[in-house]
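# Topology and contacts: notes
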Amino acid sequence: MSFVSAGGDDAPTVLALEGVTKRFGALTANDGIDLTLRRGEVLALLGENGAGKTTLMNVLFGKYTAEGGRVLVERDGALEPLEPGSPAAALGAGIAMVHQHFTLAENLSGLDNILLGTRSLWKFGWGGARRAARTRLQGIIEASGLAVPLDVRVDRLSVGERQRIEILKSLYREARVLVLDEPTALLTPQDADRLFGTLKKLTATGLSVILISHKLREVFSATDRIVVLRHGRKVGETATAAADATSLAEMMVGSAVPKTVHSARTPGEPVVVLDGVSVSAEHGTALDRVDLKVHAGEIVGVAGVSGNGQGALAALLSGLAVPAGGTAQILGKQVERVDPGGLSTAGVARIPEDRHQDGVVGTMTVAENLALENLKTPSVSSRGVLRLSAMTSQARKTIAESDIRCQGPQSTVRLMSGGNIQKLILARTLGRKPRFVLANQPTRGLDLGAAADVARRLDEAATQHRAGVLLISEDLDELLAVADRIVVLHEGRLSEAGPAAAADRNAIGLMMSGQAAA
Amino acid sequence: MSEVAAAPLKRSRPASAGAISVGVRVLAGIAALLLAALPLLATGAPIIEAYGLMVTGALGSAFAVSETLTRATPLILTGLAAAVAFRAKLWNIGAEGQLYAGAIATVVVGTGLIEAPAFITLPAVVLAGAAAGAFLMLIPTLLKVRLGVDEVVTTLLLNFVVLLFVQMLLDGALKDPMGMGWPQSPPVVPAAELPEIWPRTRLHAGLILGIVAALVLSFVIARTTFGFRMRAVGENAAAARFAGISVAKTMIGVGLISGALAGLAGVGEVAGLKGYLTSDISPGFGYAGIVVAMLAGLSPIGSVVSALFIAAIYVGADSMSRALGVSSYLADLIVAMALISILIGEVVARRLTRGAR
């Protein structure tokens, strides 16, 4: 569904990067990258996590100073070099960036956020300027279709609305180049489509957009041209209309993309039974009278936009929260007290959402982190004394089996990549042949290869070891590929479970935004 | 094959990080000593001579060495108290109060409560002192884990409470009837005294207690499941909790050990050095213990070394100030500057070791 936009092959270039090289110590994050952006086009910057997309945009935006190369911006029909390392210069040249994590003051209204920093605090006559600004903004809103309440405090707005404020902020500052960093990460499919509709309108008026993404689907539906980065290098450039998904994915990963496996299996006895369970809001949005059954030998996927009660559901099933109402049974045992250790020994594997914060102790070694949940087992300690050599040899074995890339059992976890830390956590938890697995956003931030590996291990746990698996994910494609049944979480309420094979993306999307009966 | 993949990151980091850490600590100690020249200059004292007098005062004779070791004894124990607590991010600033609690217990048990030979009385005194310190630290630890009360505030304020309590006791229940009206306790019985370990000096068995405590603590931290839990809780409490380690239980255990160690320092000062309790047995050993621990990077064995360094500064500066007529508060100034230097040094070290990230 590509569309004709104002940007064609003959549209003038508004921005050019020439040979941009950026190093961090021994790591070359950007290696001689060339890039041009024409007026009115949407350019996709496609690449896996760590490919150098965000670094490149931070060089463009003046947040980093590149070791080599330069940035050129069109001014009065000619390309002129941009002062490096100066966000003010980039803003002045009409380059604006909407970060993945918004930079809004939550206790101010949308209008104030947009105006923040645009005028000196020492000038009088603020009221008149505000009125003028509002009029101008209204014009921009009408032209772009970025409808958003301007006078409501930002913390009362939805994620989609906050994003619109961010974009309005850029447009208000007369941005000519808009950089969007993973803009759909927190959006429902409907909100994402709406965003792309807006971009279409904006490019028609001459705005140029760089869309940073690792999702092929959205790149295909919303961009004109695609640049692929891998390991800091530009490895491909193509018109979107001429691209095909398989070769793009291979370009991104550098090898054939592993296919997600979904083995045939039949569910057995229930391992988790939630009956009208409510959980207080201590862990984010509260859970509200939730019913759910997870059986041995099946993967149940929980779809939903982050912040709709996933935290409370995960806390309950991790042993960090107790029901405020209703009854929760895990492996046949009623949940009555906070006892993460008890659940772990009973046979529950828990893969935490924030693997750096909750999954590992960064300053401790690989061997120690592998033992973190198993301190009392005879292979780790006897009579309160650690068996260091047993721990080391066990770790060496696990490192080889799970292909954890590190400098050995005694290296600290802090310096490992997210994918390797996840492998460590999977080895620690799934290695004990659990009967129930809670996987909370287990592939977030991982590259395709590592994500496929996680999916394979979950499939293995459900199929070969007959574990019940609850997979909480924001990535609907992942859920549809991996799960047997899917439930949708919206504002603490859980929908009926439906078979994943018959699931309709659109219907799930509507449920995620609360527009259909959950 | 995993080794090959990690090659770009291979920069022998652990070893160099350790070397930088030790280097920064040594430099911080030297910087603190050099900075002492400023107040010395202000008093008009001859700088070179003053430094010379400090060195001979701390290490120049057998007597000087024995004094330095004697002074190091409580510092080792309060240093260990701070090191073990800080490892678990339990900020015990109350070693001073716990030291006095240990001292009170020593007097209560050691002045005639038990009439038994030394091999019974002495262990009873030591245990009572440790228990008193542990109990005093238990209160703020429980308040922290149950109610979330900031332990920095509670432990710090308890120091003043305990000191006032000591003064009250010395004017009442524990006042020595033969003390000619001085606010001091009766002396402990001979069976409760820690033996002298260097004839004709003041050095007592408290030093051995401190060194043994350092060795045991070192083993506990590195080699036991309790030490593992303690490190995990200190370095990432969220992950420890998620993995099923009870943060509250671990904190309570750490608090008890920390308080007990500080209590032992009080036992040493009363049963080993002075023989009786006064309200000035500690010129801030509890607070100096924090510097000892920080300077040692919270390592138990390192705490022994840094306690010796700090003790040498105290003894050397004392002796120098007597010879030159300079205020002996100079020692406190150097110790304070050592703490500031190490805090600055740690920031610099962190920058240096981060580099490649």
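Residues numbered from 1 in each chain as written. Chains lettered and ligands numbered in written order. Predicted model: local features only at pLDDT ≥ 70, side-chain atom pairs only at ≥ 80, totals over all residues.

### Brief notes about the overall build of chain A
Rule in force here: Working definition: helices are DSSP H or I runs of at least four residues, strands are E runs of at least two. Numbering for both runs from the N terminus. C-alpha atoms define the radius of gyration in this analysis, and the globule rule sets the expected value at 2.2 Å times the number of residues to the power 0.38. Counting other C-beta atoms within 10 Å of a residue's own tells you its class, since 20 or more makes it buried, 12 or fewer makes it exposed, and anything in between is partly exposed; those C-beta atoms are placed from the backbone. Throughout, a residue-residue contact means that the two C-beta atoms, derived from backbone geometry, are no farther apart than 7 Å.
When its secondary structure is counted, chain A shows 17 helices and 23 strands. A compact globule built from 518 residues should have a C-alpha radius of gyration of about 24 Å, and chain A, at 25 Å, falls within 12% of that. Considering only C-alpha atoms, chain A reaches an extent of 75 × 50 × 50 Å along its principal axes. Taking all 518 residues of chain A together, 47% fall into the buried category. The long-range fraction of contacts in chain A, counting pairs at least 24 apart against all pairs at least 6 apart in sequence, stands at 70%.

### Some remarks on the overall build of chain B
If you tally the helices and strands in chain B, you get 15 helices and zero strands. Since a compact globule built from 357 residues should have a radius of gyration of about 21 Å, the 22 Å found for chain B is in line with a globular shape. Along the first, second and third principal axes, the C-alpha atoms of chain B reach 75 × 55 × 35 Å. Considering chain B as a whole, with its 357 residues, one finds that 49% of them fall into the buried category. For chain B, the share of sequence-separated contacts (at least 6 apart) that also reach a separation of at least 24 residues comes to 77%.

### So, the sheet that holds strand β7 (residues 177-181) of chain A
All names here are of chain A. To keep things clear, this is the line we draw: Criterion used throughout: strands pair if DSSP finds at least two bridges between them. Structural elements are reduced to axes, namely lines fitted to C-alpha atoms, with helices fitted over the stretch in contact, and the angle between N-to-C directions of any two is expressed from 0 to 180 degrees.
If you walk across this open sheet you meet the six strands as β6-β7-β8-β3-β9-β10, and the pairing is mixed. Pairing within the sheet leaves two strands with one partner each, and these edge strands are β6 (95-98) and β10 (233-239). Strand-to-strand, the axes of this sheet are offset by a mean angle of 20°, without reference to chain direction. Of the strand pairs in this sheet, β6 and β7 are connected by four bridges, and their pairing is parallel.

### Re the packing of helix α6 (residues 95-110) of chain B against helix α7 (residues 118-147) of chain B
Residue and element names in this part refer to chain B. Our working definition: It is the rotation of the near helix from the far one that decides the hand of a crossing: anticlockwise by less than a right angle makes it left-handed, clockwise makes it right-handed. In this count, Pro and Cys sit with the nonpolar residues alongside Ala, Val, Leu, Ile, Met, Phe, Trp and Tyr, while Asp, Glu, Lys and Arg are called charged and the others, Gly among them, polar.
It is the contact of α6 with α7, at a shortest axis distance of 7 Å, that shows an interaxial angle of 145°. In terms of crossing hand, the pair formed by α6 and α7 is right-handed. Facing α6, whose interface residues are Gly 97, Gln 98, Ala 101, Gly 102, Ile 104, Ala 105, Thr 106, Val 109 and Gly 110, α7 presents Ala 124, Val 125, Ala 128, Gly 129, Ala 130, Ala 131, Ala 132, Gly 133, Leu 136 and Met 137. A per-class count over the contact of α6 with α7 returns twelve nonpolar, seven polar and no charged.

### Observations regarding the interface of chain B and chain A
Listed by partner, the interface residues are 26 residues for chain B and 33 residues for chain A. Sorting elements by how many residues they give to the side of chain B that touches chain A places helix α10 (residues 225-235) of chain B first, with six residues. Class assignment for the residues of the side of chain B that touches chain A results in 14 nonpolar, six polar and six charged.

### A look at the sheet that holds strand β12 (residues 287-295) of chain A
All names here are of chain A. Overall, antiparallel pairing links the four strands, which are arranged β12-β11-β14-β15 in an open sheet. In the strand order of this sheet, the two ends are held by β12 and β15 (333-334), each with one partner. Each of β11 (270-279), β12 and β14 (325-330) touches helix α9 (residues 310-318); the most contacted strand, β11, lies at about 130° to it.

### Some remarks on the packing of helix α9 (residues 206-223) of chain B against helix α12 (residues 247-274) of chain B
Residue and element names in this part refer to chain B. Short version of the rule: When an angle is under 35 degrees it counts as roughly parallel; over 145 it counts as roughly antiparallel; between 65 and 115 it counts as roughly perpendicular; any other value is oblique.
Direction vectors running N to C along α9 and α12 enclose 165°, while the axes themselves pass 9 Å from each other. Here α9 is positioned roughly antiparallel relative to α12, judged by the angle of their axes. Pair α9 / α12 crosses with right-handed handedness. Residue-level contacts link Gly 206, Leu 209 and Ala 213 of α9 to Leu 261, Leu 264, Gly 268 and Gly 272 of α12. A breakdown of the residues in the contact of α9 with α12 according to their chemical character gives four nonpolar, three polar and no charged.

### So, the nonpolar core
As a reminder of what qualifies: Any nonpolar core is a set of buried residues, restricted to Ala, Val, Leu, Ile, Met, Phe, Trp, Tyr and Cys, that join up through C-beta atoms within 7 Å.
Within the largest apolar cluster, 259 residues are counted, with the highest numbers of intra-cluster contacts made by Leu458(A), Leu471(A) and Ile310(B). The residues contacting Leu458(A), other than those within four sequence positions of it, are Ile299(A), Val437(A), Ala439(A), Val469(A), Leu471(A) and Val482(A).

### Structural notes on the pairing of β14(A)
Residue and element names in this part refer to chain A. Where β11 lies against β14, five bridges are found, and the strand directions are antiparallel. What sits directly across from Val 273, in β14, is Gln 329. Note: β14 against β15, two bridges, orientation antiparallel. Bridge pairing in β15 places Ile 330 opposite Lys 333. If you look at the hairpin formed by β14 and β15, you'll find two residues sitting between the two strands, and Leu 331 has a positive phi there, around 50°.

### Structural notes on unusual backbone geometry
All names here are of chain A. In this model, Glu 174 sits at a positive phi of 60°, which is unusual for a non-glycine residue. With respect to the secondary-structure elements, Glu 174 resides in the loop between α5 (159-172) and β7. The exposure class assigned to Glu 174 is exposed, which follows from the 11 C-beta atoms found within 10 Å. If you check the backbone angles, His 231 has positive phi at about 50° while not being a glycine. Within the secondary structure layout, His 231 lies in the loop between β9 (225-230) and β10.

### Observations regarding helix α8 (residues 151-170) of chain B
Residue and element names in this part refer to chain B. Cut-off, in case you're wondering: A helix is expected to reach a length of 1.5 Å times the quantity of its residues less one. The arc in question is traced by the directions running from the helix axis to the C-beta atoms.
With 20 residues, α8 ought to run about 28 Å at 1.5 Å a step, and its terminal C-alpha atoms sit 28 Å apart, in line with that. Burial in α8 covers these residues: Glu 151, Thr 155, Leu 158, Asn 159, Val 162, Val 166 and Leu 170. Along the long axis of α8, the arc covered by the buried residues comes to 120°, so they all point the same way. Relative to its buried face, α8 has exposed residues pointing more than 90 degrees away, namely Phe 160 and Leu 164. Contacts made by the buried residues of α8 are with α6, α7 and α13 (285-295).

### Focus on the confidence of the model for chain B
This is how it is decided: pLDDT expresses, on a scale from 0 to 100, how confident the predictor is about each individual residue.
When pLDDT is averaged across chain B, the result is 89; 94% of the residues are at 70 or more. As scored by the predictor, the complex reaches a pTM of 0.80 and an ipTM of 0.85.

### Looking at the environment of Ser247(A)
Mapped onto the fold, Ser247(A) is located in helix α8 (residues 245-253). Classification of Ser247(A) as exposed rests on a count of 12 C-beta atoms within 10 Å.

### Notes on the confidence of the model for chain A
For chain A, the mean per-residue pLDDT works out to 87, and 96% of the residues sit at or above 70. Ignoring residues within four places in sequence, the model shows residues 1-7 of chain A, a span with pLDDT below 50, making 22 contacts including any to other chains.

### Thoughts on the environment of Pro283(B)
Its location among the elements puts Pro283(B) in the loop between α12 and α13. Given 13 C-beta atoms within 10 Å, Pro283(B) falls into the partly exposed group.

### Some thoughts on α6(B)
Helical geometry: 3.6 residues make up each α-helical turn, so side chains three or four residues apart lie on a common side. All names here are of chain B. In a regular helix each residue adds 1.5 Å, so 16 residues correspond to 22 Å; α6 covers 21 Å between its end C-alpha atoms and thus fits that length. Most of α6 sits out of view: 16 of its 16 residues are buried. Of the residues flanking the end of α6, it is Gly 112, one or two places downstream, whose phi is positive at about 125°.

### Some points on the pairing of β7(A)
Note the following rule: Consider the strands pointing away from the viewer: the crossover is right-handed when the path from the first strand over the helix to the second runs clockwise.
Taken across its five residues, β7(A) has four buried, putting it largely inside the fold. In this region the chain leaves β7(A), passes through helix α6 (residues 189-204) of chain A and returns to the parallel neighbour strand β8 (residues 208-213) of chain A; the handedness of that crossover is right-handed.

### Notes on the environment of Thr188(A)
Residues and elements named next belong to chain A. Along the chain, the position of Thr 188 falls in the loop between β7 and α6. When the C-alpha atoms of Thr 188 and Leu 510 are compared, they prove to be 8.2 Å apart, with 322 residues separating the residues in sequence. Apart from the residues within four sequence positions on either side, Thr 188 is in contact with Val 305, Gly 509, Met 512 and Ser 513.

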